[in-house]
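Remarks on the overall topology
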Amino acid sequence: MSGTLLYLSERDVQSLAIPPGDARRIVLQAFRDHAAGLNLSLPKSALMLGAGHGFQAMPAASSTQGIATLKWVAIAPVPPGGTARSINGLIIVSDYESGVPIAVLDGNEVTLTRTAAMSAAAASCMAPSNPKSIGFIGSGLQAHAHLAAFLDLYPGLRQAFTFSRSRSSAESLAAAATQRGLDATVTGDADAVLAQCDIVISMVPGAPGLKAFLDARRMKKAAFACAVDTGRSWIPESLPAFDVLVTDSLAQSKAPYDINGDPVTTVRFGNDLVHIAGVDQPVAGTARSLFCYRGFAIADLAVAHLVIEHARDAGKGASLPL
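First, a word on scope: everything that follows refers to the structure included in this document. Here the structure is a predicted model, which means the values were calculated and not measured.

1. Looking at the overall build of the chain
Scanning the chain from terminus to terminus reveals eight helices and 16 strands. On C-alpha atoms alone, the chain measures out to a radius of gyration of 19 Å, which is about the 20 Å that the 2.2 N^0.38 rule sets for 322 residues. The C-alpha extent of the chain, read off along each of the three principal axes, is 60 × 45 × 40 Å. Here the chain, with 322 residues, has 51% of them falling under the buried criterion. Across the chain, every contact between residues at least 6 apart in sequence was considered, and the portion connecting residues at least 24 apart equals 71%. For the chain, the accessible area works out to roughly 14100 Å², and carbon and sulfur atoms hold 54% of it.

See the structure below:
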């Protein structure tokens, strides 16, 4: 075997500064391609070794983009006070036709980009057309990625509310929102975020003793919620208050997940992004809607393809011999 393998570190991927709009559009197209049978994926598989400790694999292949990918994610508990990451990922890329390895990418940065892109893609189909306020339940790295993605989609946003168990994280996100021209408020009242915002993003990590605390009945009658946390922060009994419930792929999940990682029994998803990505939604902007997902491998493939194209154009990364 001859040729080279492109390696892109986290710093390499970050330096490319992939535009949020480009990521959103390529993710939407990936879902349309999936509906047309132009790409394939398998549901996420997990090998769990204990609480908060395991490995996950997410394979996908696309004839239109000419690649196949495997996203490999390791999850490990971090001791109290530890600074190591609890999640580490890589994306392995092969040529679609020949199977020859093409690239290995840092998976953490790609995941940040694709997750925010998926949320924004769903919002473009489901959310009010001219939202003015956005609320963040959780204020970590994903919140910052979502802030950029939603400002790109909705430049008319005027207010941001940040809520987090860590006051410093909420303040950091509020400062970032202020720098982008929003009127930002740090609050310890999650109900107030739900009541005041046109868009709500929940990104609450799993933790021992966590209790669901978000009540969908508190939201505006016409508002959009995105549960990046698979739904664990939402009170299951309140979920019927959503008029529309959509996931990334019904083949992968049928309902949101509770704090124990089990599907809730109070609601089921009525549709998925695979089927609504290319269809005008008559209820968009008039209903209380929820997008909740597990993570879909075709989105990782789409963003990985975009990253590789940008890296080649910019001369980024290291070439390794095969």
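2. Quick notes on the sheet that holds strand E15 (residues 288-292)
Taken together, the eight strands give an open sheet; going across it, the order is E10-E9-E8-E11-E12-E15-E13-E14, and neighbouring strands pair in parallel fashion. Of all the strands in the sheet, the pair left with one neighbour each is strand E10 (183-186) and strand E14 (271-272). Of the pairings in the sheet, the one linking strand E8 (residues 133-137) to strand E11 (residues 199-202) comprises four bridges and is parallel in character. Bridge assignment links Gly135 to a residue of E11, and that residue is Val200. On the sheet, helix H4 (residues 141-153) packs against E8, E11 and strand E12 (223-227) and is oriented at approximately 165° with respect to E8.

3. Concerning the pattern of salt bridges
This model, assessed by the stated rule, comprises nine salt bridges. For Arg25, the salt bridge is made with Asp22, and the minimal N-O distance between the two is 2.9 Å. Of this pair, Arg25 and Asp22 both sit in helix H2 (residues 20-35), three residues apart, roughly one helical turn. For Arg25, a relative accessible area of 48% puts it in the partly exposed group.

4. Quick notes on the packing of H2 against helix H3 (residues 107-126)
Direction vectors running N to C along H2 and H3 enclose 70°, while the axes themselves pass 8 Å from each other. By the angle between their directions, the pair H2 and H3 is classed as roughly perpendicular. Here Ala23, Arg24, Val27, Leu28 and Phe31 of H2 lie close against H3, whose contacting residues are Thr113, Ala117, Met118, Ala120, Ala121, Ser124 and Cys125. Its residues assigned to classes, the contact of H2 with H3 shows nine nonpolar, two polar and one charged.

5. Description of the side chain of Glu109
Within the secondary structure, Glu109 is located in helix H3. Here Glu109 sits buried without a salt bridge, and the closest side chain of opposite charge, Arg85, lies 6.1 Å off (N-O distance). Not counting chain neighbours up to four residues away, the residues in contact with Glu109 comprise Glu10, Val13 and Gln14.

6. Remarks on the pairing of strand E13 (residues 244-247)
Bridge analysis of E13 against E15 gives three bridges, and the strand direction is parallel. Each residue of the ladder has a partner; that of Val244, found in E15, is Ser289. Across two bridges, the pairing between E13 and E14 is parallel. Residue pairing in the sheet places Val246 in a bridge with Asn271 of E14.

7. Description of the nonpolar core
Grouped burial of nonpolar side chains is what soluble globular proteins tend to show. With 70 residues, the main nonpolar core has Phe31, Leu105, Phe150, Phe224 and Phe291 as its most contacted residues. With 11 residues, the single largest contributor to this core is helix H8 (residues 297-314). By size, the runner-up hydrophobic cluster in this structure holds 27 residues, among which are Val200, Ala225, Ala241 and Cys292.

8. Notes on the packing of H2 against H4
Remark: H2 packs on H4, axes separated minimally by 9 Å, with the N-to-C direction vectors making an angle of 80°. One way to sum up the angle between H2 and H4 is to call them roughly perpendicular. Taking contact as the criterion, the partners of Pro20, Gly21 and Arg24 in H2 are, on H4, Ala148, Ala149, Asp152 and Leu153. Looking at the contact of H2 with H4 residue by residue, the classes come out as four nonpolar, one polar and two charged.

9. Side note on the packing of aromatic side chains
Under the definition given, this model contains six aromatic pairs. For the pair Phe55 and Trp72, a centre-to-centre distance of 5.7 Å together with 15° between the ring planes defines the contact as stacked. Residue Phe55 is found in strand E4 (residues 53-62), and its partner Trp72 is found in strand E5 (residues 67-75); the two are separated by 17 residues along the sequence. By relative accessible area, Trp72 is classed as partly exposed at 39%. The cationic tip of Arg294 hangs over the ring face of Tyr257; the distance from NZ or CZ to the ring centre is 4.1 Å.

10. Observations concerning unusual backbone geometry
Phi angles above zero are rare outside glycine, and Ala17 is one such case at about 50°. We note that Thr230 has phi near 65°; this positive angle belongs to a residue other than glycine. Mapping Thr230 onto the fold places it in the loop between E12 and E13. With a relative accessible area of 14%, Thr230 lands in the buried category.

Reading the values: rules and limits
Position labels on residues start from 1 in each chain and follow its written sequence. Whole-chain, interface and lining totals are the exception, using all residues; otherwise, since this is a predicted model, local features are given only for residues with pLDDT of at least 70 and side-chain atom pairs are given and counted only at 80 or more. The side-chain figures draw on all heavy atoms in the structure; neither hydrogens nor water molecules are used. Segments assigned H or I by DSSP are reported as helices when at least four residues long, segments assigned E as strands when at least two residues long, and all are numbered from the N terminus. Note that the radius of gyration is over C-alpha atoms, with the globule rule given as 2.2 Å times the number of residues to the power 0.38. Using a 1.4 Å probe on the protein chains alone, a residue whose accessible area is under 20% of its type maximum counts as buried, one over 50% counts as exposed, and one in between counts as partly exposed. Residues are treated as being in contact if the distance between any of their heavy atoms lies within 4.5 Å. Under the convention used here, a 1.4 Å probe and the Shrake-Rupley method define accessible areas, while residue burial counts only the protein chains that appear. In this analysis, strands are considered paired if DSSP registers two or more bridges between them. Every axis in this analysis is a line fitted to C-alpha atoms, fitted for helices over the stretch in contact. Angles between the N-to-C directions lie between 0 and 180 degrees. Counted as salt bridges are all cases of a side-chain nitrogen of Lys or Arg within 4 Å of a carboxyl oxygen of Asp or Glu. Working definition: roughly parallel below 35 degrees, roughly antiparallel above 145 degrees, roughly perpendicular at 65 to 115 degrees, and oblique for all remaining angles. Residues are grouped as follows: Ala, Val, Leu, Ile, Met, Phe, Trp, Tyr, Cys and Pro are nonpolar; Asp, Glu, Lys and Arg are charged; all remaining types, including Gly, are polar. A positive count includes Lys and Arg, and a negative count includes Asp and Glu. His and the chain ends are not counted in either. Residues grouped as a nonpolar core are buried Ala, Val, Leu, Ile, Met, Phe, Trp, Tyr and Cys residues, joined through side-chain atoms within 4.5 Å. Any two of the Phe, Tyr and Trp rings considered here, Trp counted by its six-membered ring, make a pair once their centres fall within 6.5 Å; the pair's planes then place it as stacked at under 30 degrees, edge-to-face at over 60, or tilted in between. By definition here, charges over rings are those cases where NZ of Lys or CZ of Arg is within 6 Å of the ring centre and within 35 degrees of the ring normal.

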